[in-house]
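# Observations on the model geometry
Residues per chain are reported as follows:
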Amino acid sequence: MRAVELASASIESRIEKMDANGIDTQVLSIAQPIQGMPVGEAVDLSRKVNDRLAEIAHRYPNRFGGFFTLPWQDADAAARERVGD
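Read on for an overview of the structure. (Residues numbered from 1 in each chain as written. Predicted model: local features only at pLDDT ≥ 70, side-chain atom pairs only at ≥ 80, totals over all residues. Heavy atoms only, no water.)

## Considering the overall build of the chain
When helices and strands are tallied, the chain shows 4 helices and 2 strands. When the helices and strands of the chain are read in sequence order from the N terminus, they spell out α-α-β-α-β-α. Per-residue burial over the chain gives 29% buried out of 85 residues. Of the contacts formed within the chain by residues at least 6 apart in sequence, a portion of 64% connects residues at least 24 apart. (Helix = DSSP H or I, 4+ residues; strand = E, 2+ residues; numbered from the N terminus. Buried < 20%, exposed > 50% of the residue type's maximum accessible area, 1.4 Å probe, protein only. Contact = heavy atoms within 4.5 Å.)

Here you go:
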């Protein structure tokens, strides 16, 4: 499976592939360099990505963790971006 296909696969499909390959846990992250984006886009995308990662990690706590991202271009927004909010 190519990386793009894996990245866009459903979580259930990802778990099936993990199980088939003896993988217990994965750490998810975003490869998009958010720090190089315009401020408004970086804040919006960081929030969406982090919310999705938090949802997945909460739903499958023994299967997934996440490297969350921060919009460093906006220090106030970065400080407000907390898991669980």
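## Notes on the pattern of salt bridges
Tallied over the full model, the rule gives 4 salt bridges. The salt bridge partner of Glu12 is Arg59, with a shortest N-O separation of 3.3 Å. Separated by 47 residues along the polypeptide, Glu12 in helix H2 (residues 11-20) and Arg59 in helix H3 (residues 39-59) bring together distant segments of the chain. A salt bridge links Asp19 to Arg63, with the nearest nitrogen and oxygen atoms 2.8 Å apart. Of the two residues, Asp19 is situated in helix H2 and Arg63 in the loop between H3 and strand S2 (64-66); the sequence distance between them amounts to 44 residues. You can call Asp19 partly exposed: its relative accessible area is 48%. (Salt bridge = Lys/Arg side-chain N within 4 Å of Asp/Glu carboxyl O.)

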